[in-house]
Amino acid sequence: MTNASRRFLVLVFAGTFAAAGVRGGTSDQKTVATAAEEEPEEYKNWIELAIGGVITSGDRAQFEQEHRLPGDQVYGGIQDLHVEGTVGKDALFSIDGHALWDINDYDITVQLAKPNLGYIKAGYTEFRSWYDGNAGFFPHNDVFFEPPYPEMHVDRGNAWIELGLRAPNWPEITIRYDHEFRFGQKDSTVWGDTNLTGLQPPFNSTRKIVPSFRNIDEKRDIFSFEASKTIGNTDVLLGMRYEHNTNDYSLNMERGAGQLPPVVPSPGQQRKVTQKQDDDVDLFSGHGITETRITDNLWFTAGYSYTTITNDLSGSRIFGTHWDEAFGEPVPTLGSRDHAFIDLAGTARIRENVFNANLFWMPLENLAILSGFRYTHENNDSDSTFLEEEPMPNTPPFTKLNPAGGFHFGPPIPVEGARNTDYNRFAQRLEMRYTGVKDWLFYFEGEWEEEFGQVDEFQSFDEEIPLDKDTQALGQKYTVGATWYPTMRLNFAGQYFHRIASYNEDVFTAIFPRLVNQDWNVDDFNIRMTFRPKLPACMGTLALVTRYDFVHTSIDSQWEVFPQEDLLAELQSGEIKKHVISESLNWNPLPRFFLQANFSYVLNQTDTPANNIDLDPLTSPTVVNFRNDYWTVTSGIGYIIDDKTDFYADYYFYCANDYFKNAAVAMPYGMGATEQTVSATVTRKLSKNTRLLLKYGYSNYRDVTSGGHNNYQAHSLFSSLQIRF
């Protein structure tokens, strides 16, 4: 049997399941009539069984990543389950959950609760996220590398138990334990390199477009405790939390991809890189929160939290002829810049204290004022040691594993590094709302945040001058807005905000050029109109929402060159202009029929002075002005066919056509993609306690930036049967 035949049977099986249910609901009119005459019965329990399948063509992994469904296989099981009952006189027992195979989507919660005493509940949750392993595409000569694992996924889960005390006149106490995990593979944007791009001098032929992947194994155990109590007019909450995390990560990358070695490999040809990192993390935090209602018009809240985090880390970066190779094995293709390290060992310690206070005051009936303050102190100490492995030229006698002109790793070099940071952050907020003018709402919001930090770091290898700097950051945001209600059917809203973000560094010692000053200025203006016109009764009801946004961002930057300490002139390094036009429509022409539609068009342009810089001997700038315009349409219709049957359909469309090929000298900019998704759903009430659902979907995705390698089409069919009892 061919793959196409098997995939066809998937949908036939799912469709037969649904169609049989539809026929079953219409074959016995007497049963339906009798059910309508009976007294309505309240069903507190239900189970919903489901089955579905997907047929894909093209990049199946891209479909799975976008839609969170497995391609070309059947999935199904229990879509939803709820069972409850009483134990003894008044205790309530309940089970909620679902379980779908081949999606790895499981969830169950079991709870036993007794009024005026408390509860105990436990559960397990697991779900899967899919990832496409594709990397870059080079349009100059259509170079594309197939990933080693095209379809990857990560499973996430949590097993937990919780006890709660809810006795009268006692504090409310909650104790909980969680065991969380994350396991699997996913793609990485840290890509490997190749020089098989067809570019000739003076252009650099090497590009990082080769897919990489990460192996993930993460476990976390969490113990938490909270107690709350109302004392007079003050609510008090105290809590603590302990976490223990163990993480085992690896980044797997290819260098010199596609360069197959001859009989005697040449240096710089294909080799594999495995970079591992293991973390052993302990976190402890405690917090306290109070809320005091001084009067009905004056409330005060305050909170404090303390957190400590310690991490013991280890790792390595090893080159080999395959991944996960032991260090010391010969690598005939080793290049002169293949820096490796082994025996990484280090510790990191973070301590954070946070205090905040908020005041809510209504001095007048139509005036509300909210103010807040937050202080954060964070200290981070980290240090590590490792053995640096540097390539050295091969020496005779030359062999296949020790080729002439090749490299091998020399004696290990002990390296030590450390970093210490200390930050003080202050944040304030003021919000005012006034409704004293008829049919008007006015508001003002102000936010301010200051940061003062000190950073010291050094590395004993290749860095004779340590980094010593003070940092300052200032963030400000001012918002004003108003809403006008001239009639019950029409209102207007407008808002403007100005945001300033300034980053400054006082660098005392350093190497390499550094960004020492940068200012971001953002202006955002938007208006909105909501209109519900009065229509003739035969046309039903209509609601329209029209909105326009304009965002302007300017970026000013200044660099300093070390160790010469030459301060370059400040210049505008970027300017971004963004227009967004959107329209929303809700129309009910008939009591049985509705239509919803949303449209948005975004015009986004980024300008940079680097667009005017040609780097000799190249004849084109490496950083260019580019656009990122796109538009989307989302719509849906619903129709009640009769008192037992409903129909719903929706449609989604996305289009971006701004792909700019600058591959010869830089990364291409802008998106170039089109996506369409349409679905239709029918639900049928078979009896007073059973309901059937049948859904068909179609998706089409076209991506220019990947050279079409991410394109796909997909047909999906899904059916569920709910039984209440």
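Everything in this summary refers to the structure shown in the same document. The residue count restarts for each chain, going from 1 along the sequence in the order it is written. The predicted nature of this model means local features are confined to residues of pLDDT at least 70 and side-chain atom pairs, given and counted, to a pLDDT of 80 or more, with totals for whole chains, interfaces and linings taken over all residues. Here the side-chain values reflect all heavy atoms present in the structure, with hydrogen atoms and water set aside.

### Regarding the overall build of the protein
- Where helices and strands are cited, they refer to DSSP runs of H or I of at least four residues and of E of at least two residues respectively, numbered from the N terminus. Each helix and strand in the protein was counted, giving three helices and 32 strands.
- Each principal axis of the C-alpha atoms in the protein carries an extent, and together these give about 100 × 75 × 60 Å.
- The rule is simple: take the accessible area with a 1.4 Å probe, protein chains only, and divide by the maximum for that residue type; under 20% is buried, over 50% is exposed, in between is partly exposed. Expressed as a percentage of the 725 residues in the protein, the buried residues total 37%.
- Look at the contacts in the protein between residues 6 or more apart in sequence, and 64% of them connect residues 24 or more apart.
- For accessible areas, the Shrake-Rupley method is used with a probe of radius 1.4 Å. Any residue's cover is judged against the shown protein chains and nothing else. Summed over all atoms, the accessible surface of the protein reaches about 38800 Å², with 59% contributed by carbon and sulfur.
- We treat Lys and Arg as the positive residues and Asp and Glu as the negative residues; His and chain ends play no part in the count. Charge coordinates come from a single atom per side chain, which is NZ of Lys, CZ of Arg, CG of Asp or CD of Glu. The distance from the centre of the 61 positive side-chain charges to the centre of the 98 negative ones in the protein is 9 Å. Contacts between residues were defined by any pair of non-hydrogen atoms, one from each residue, lying within 4.5 Å.

### With respect to the pattern of salt bridges
- A side-chain nitrogen of Lys or Arg and a carboxyl oxygen of Asp or Glu constitute a salt bridge if their distance falls within 4 Å. In this structure the tally under the stated criterion is 33 salt bridges.
- In this structure, Lys219 and Asp217 form a salt bridge, with 3.1 Å as the shortest nitrogen-oxygen distance.
- We classify Asp217 as partly exposed; its relative accessible area is 23%.
- Where Arg220 meets Glu243, a salt bridge forms, and the shortest distance between an N and an O atom there is 3.8 Å. Here Glu243 lies in strand β11 (residues 234-255) and Arg220 lies in strand β10 (residues 207-231), a separation of 23 residues in the sequence.
- Arg220 gets classed as partly exposed once you look at its relative accessible area, which sits at 26%.
- Each of the salt bridges in this network shares a partner with another, and the network as a whole consists of Arg429, Glu431, Arg433, Glu445 and Glu447.

### Some words on helix α3 (residues 60-67)
- Among the residues making up α3, those that are buried are Ala61, Gln62, Phe63 and Glu64.
- Looking at the buried residues of α3, the elements they touch are β1 (46-58), β5 (118-132), β8 (151-165), β31 (690-703) and β32 (712-724).
- Sitting at the head of α3, Asp59 places a side-chain oxygen 3.3 Å from the backbone nitrogen of Ala61. Any pair of N or O atoms that falls within 3.5 Å is considered a polar contact. Within protein, one atom must be able to donate a hydrogen and the other to accept it, and sequence-neighbouring residues count only if both atoms are side-chain atoms.

### Considerations on the side chain of Asn380
- Position of Asn380 among the secondary structure elements: in strand β15 (residues 367-389).
- Residue Asn380 is classed as buried on the basis of its relative accessible area of 19%.
- Leave out the neighbours within four places in its chain, and Asn380 touches Arg349, Ile350, Arg419, Asn420 and Thr421.

### Quick word on the pairing of strand β2 (residues 74-87)
- By definition, two strands form a pair when at least two bridges between them are found by DSSP. As paired strands, β1 and β2 are joined by eight bridges and run antiparallel to one another. Pairing of Glu48 across the sheet is with Asp80, part of β2.
- Two strands pair when backbone bridges link them, and β2 and strand β3 (residues 91-101) are joined in this way by ten bridges, in the antiparallel orientation. Within the sheet, the bridge partner assigned to Glu84 lies in β3 and is Ser94.

### Some remarks on the nonpolar core
- For the purposes of this section, nonpolar cores are sets of buried Ala, Val, Leu, Ile, Met, Phe, Trp, Tyr and Cys residues that join through side-chain atoms within 4.5 Å. Membership of the largest hydrophobic core comes to 14 residues, with the highest contact counts inside it found for Val54, Phe63, Tyr75 and Ile103.
- Take this core: its biggest share by element is three residues, from β32.
- Residue contacts for Phe63: discarding those within four places in its chain leaves Val54, Thr56, Arg68, Leu69, Tyr712 and Ala714.
- Core analysis: the next-biggest nonpolar cluster, separate from the first, contains eight residues, Phe138, Val143, Phe145 and Leu199 among them.

### Thoughts on the pairing of strand β30 (residues 672-687)
- Pairing of strand β29 (residues 645-657) with β30 involves 13 bridges; the strand directions are antiparallel. Pairing of Thr645 across the sheet is with Arg684, part of β30.
- Judged from the 14 bridges that link them, β30 and β31 form a sheet pairing that is antiparallel. Paired with Arg684 across the strands is Leu692, a residue of β31.

### Concerning the packing of aromatic side chains
- Each Phe, Tyr or Trp ring, with Trp reduced to its six-membered ring, pairs with another whose centre is within 6.5 Å; inter-plane angles below 30 degrees give stacked pairs, above 60 give edge-to-face pairs, and intermediate values give tilted ones. For the structure on display, the rule yields 21 aromatic pairs.
- Residues Tyr177 and Phe223 carry aromatic rings whose centres are separated by 4.9 Å and whose planes lie at 40° to one another, so their mutual orientation is tilted. Linking Tyr177 in strand β9 (residues 172-194) with Phe223 in strand β10, this pair joins segments that are 46 residues apart in sequence.
- Taking the centre distance of 6.5 Å and the plane angle of 25° together, the rings of Phe223 and Tyr242 count as stacked. Of the two residues, Phe223 is situated in strand β10 and Tyr242 in strand β11; the sequence distance between them amounts to 19 residues.
- Relative accessible area serves as the criterion here: at 33%, Tyr242 is assigned to the partly exposed category.
- The structure contains a cluster of three or more aromatic residues connected by ring pairs, namely Trp440, Phe442, Trp484 and Phe492.

### Some points on the environment of Arg528
- Mapped onto the elements of the fold, Arg528 is located in strand β22 (residues 514-531).
- Expressed as a C-alpha distance, the spacing of Arg528 and Asn245, which sit 283 residues apart in the sequence, is 47 Å.
- In this view, Arg528 contacts Asn491, Phe492, Ala493, Val545, Thr546 and Arg547; residues no more than four positions away in its chain are not counted.

### Comments concerning the environment of Lys44
- Inspection of the secondary structure assignment puts Lys44 in the loop between α2 (29-37) and β1.
- Judged by relative accessible area, which is 47%, Lys44 ranks as partly exposed.
- It is 7.4 Å that separates the C-alpha atoms of Lys44 and Val83, two residues lying 39 residues apart in sequence.
- Here Lys44 is in contact with His82, Glu84 and Phe725, once residues within four sequence places are set aside.

### Quick notes on a nonpolar patch on the surface
- Exposure above 30% relative accessible area and the lack of any salt bridge qualify a residue for a patch; like charges then connect within 9 Å, and the nonpolar side chains Val, Leu, Ile, Met, Phe, Trp and Tyr within 5 Å. A cluster of nonpolar side chains, contributed by Val87, Phe93, Leu112, Ile120, Ile161, Leu163, Ile175, Phe223, Phe225, Met240, Tyr242 and Phe284, occupies part of the molecular surface with about 970 Å² of accessible area.
- Inspection of the secondary structure assignment puts Ile161 in strand β8.

### Some words on the side chain of Ser706
- Positionally, Ser706 belongs in the loop between β31 and β32.
- Of the polar contacts made by the side chain of Ser706, one reaches the side chain of Asp703; its length is 3.1 Å.
- What Ser706 contacts, discounting residues up to four positions off in sequence, is Phe137 and Phe144.

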